[in-house]
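Residue-level structure breakdown
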Amino acid sequence: MLVVDLDRQTNVSMMLGHNTSDAPASMSDVFTGRPLRECVLTDVLQPGLSLVVGDPRLADVEFNLGSARRREEVLARQLDGQLDDYDYVLIDCPPNQGLLAVNAVVLAFELVVPVRMTDPNSINGLGDLLAFYDELADAGWPRPISAVLRLDVDERRDLYRSSTPH
């Protein structure tokens, strides 16, 4: 499994015990043409788990994508044929609808959307995100949402109460 940290905040990289200084290269380098194999950290936390770290330079990458030709497909073109060795690729996206997220959606075969159920902004943002995916589908990049992953579920909250007994 390959984990790709496409967020300049690098949370998934840090959760897996790595940061930009640990890696020979990062996702920023992939966007500028460096081969993926040169950027991958292998056997992260356990055998078979690989990681490409994110870094703060992804903000510059996203800015530069604005003027790129076929800017929605840059990541897909850069990684063409380089993901064949992985059974699964998990891409952690920035929490916005910018060009890095668009590139991830265009590359993806399916989407899992995490939603923090204790945060009203996260719940409300789900509607915006679904509308965003509809816009991408209308533009020719339909990607099925496989799941909405509910995080921080608290069944005592009104959101989970129903009139039917359990």
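Above this text sits the structure in question.
Since we're looking at a predicted model, the values are computed, not measured.

Glancing now at the overall build of the protein. Along the backbone of the protein there are 6 helices and 5 strands. Counting helices and strands in the order they occur from the N terminus, the protein gives β-α-α-β-α-α-β-α-β-α-β. Over its C-alpha atoms, taken along the principal directions, the protein stretches across nearly 55 × 40 × 25 Å. By the burial criterion, 37% of the 166 residues in the protein qualify as buried. In the protein, once contacts between residues fewer than 6 apart in sequence are set aside, the share between residues at least 24 apart is 73%. If you sum the accessible surface of the protein, you get close to 10100 Å²; carbon and sulfur atoms cover 49% of it.

Another point: the environment of R150. If you trace the backbone, R150 turns up in strand β5 (residues 145-151). Each C-alpha atom of the pair R150 and L130 lies 15 Å from the other, and the pair is 20 residues apart in sequence.

Let us now look at unusual backbone geometry. Comment: phi is negative for the bulk of residues other than glycine, and the bulk of peptide bonds are trans. For D43, which is not glycine, the phi dihedral falls at a positive 50 degrees. Residue position: D43 is located in the loop between α2 (27-31) and β2 (50-52). One non-glycine residue with positive phi stands out, namely R70, at about 50 degrees. Along the chain, R70 falls in the loop between α3 (58-65) and α4 (74-79).

Moving on to the environment of V53. Inspection of the secondary structure assignment puts V53 in the loop between β2 and α3. Expressed as a C-alpha distance, the spacing of V53 and V105, which sit 52 residues apart in the sequence, is 18 Å. The contacts of V53, once residues within four sequence positions are left out, are D5, S13, H18, N19, T20, A23, A25, S26, M27 and L41.

Quick look at the packing of α3 against helix α5 (residues 99-107) now. Between α3 and α5, the shortest axis-to-axis distance is 9 Å and the interhelical angle comes to 80 degrees. In terms of orientation, α3 and α5 fall into the roughly perpendicular class. Judged by residue contacts, L58, V61, E62 and L65 of α3 engage L99, L100 and N103 from α5. Looking at the contact of α3 with α5 residue by residue, the classes come out as 5 nonpolar, 1 polar and 1 charged.

With that settled, the discussion passes to the nonpolar core. L6, M27, F31, L36 and L75 are the most contacted members of the largest nonpolar core, which has 22 residues in total. At the level of secondary structure, the elements contributing two or more residues to this core comprise β1 (2-5), α2, α3, α4 and α5. Element by element, the count of residues in this core is highest for α5, at 4 residues. If we skip the residues at most four places from it in the chain, F31 touches L6, L58, V61, L65, V74, L75, Q78, L100 and N103. Of all hydrophobic cores here, the second largest spans 14 residues; its members include A108, L129, L136 and W141.

Cut-offs applied
- Residues numbered from 1 in each chain as written.
- Predicted model: local features only at pLDDT ≥ 70, side-chain atom pairs only at ≥ 80, totals over all residues.
- Heavy atoms only, no water.
- Helix = DSSP H or I, 4+ residues; strand = E, 2+ residues; numbered from the N terminus.
- Buried < 20%, exposed > 50% of the residue type's maximum accessible area, 1.4 Å probe, protein only.
- Contact = heavy atoms within 4.5 Å.
- Areas by Shrake-Rupley, 256 points an atom, 1.4 Å probe, with all protein chains shown as cover.
- Axes fitted to C-alpha atoms, helices over the stretch in contact; angles between N-to-C directions.
- Parallel < 35°, antiparallel > 145°, perpendicular 65-115°, else oblique.
- Nonpolar A, V, L, I, M, F, W, Y, C, P; charged D, E, K, R; others polar.
- Core = buried A, V, L, I, M, F, W, Y, C linked by side-chain atoms within 4.5 Å.

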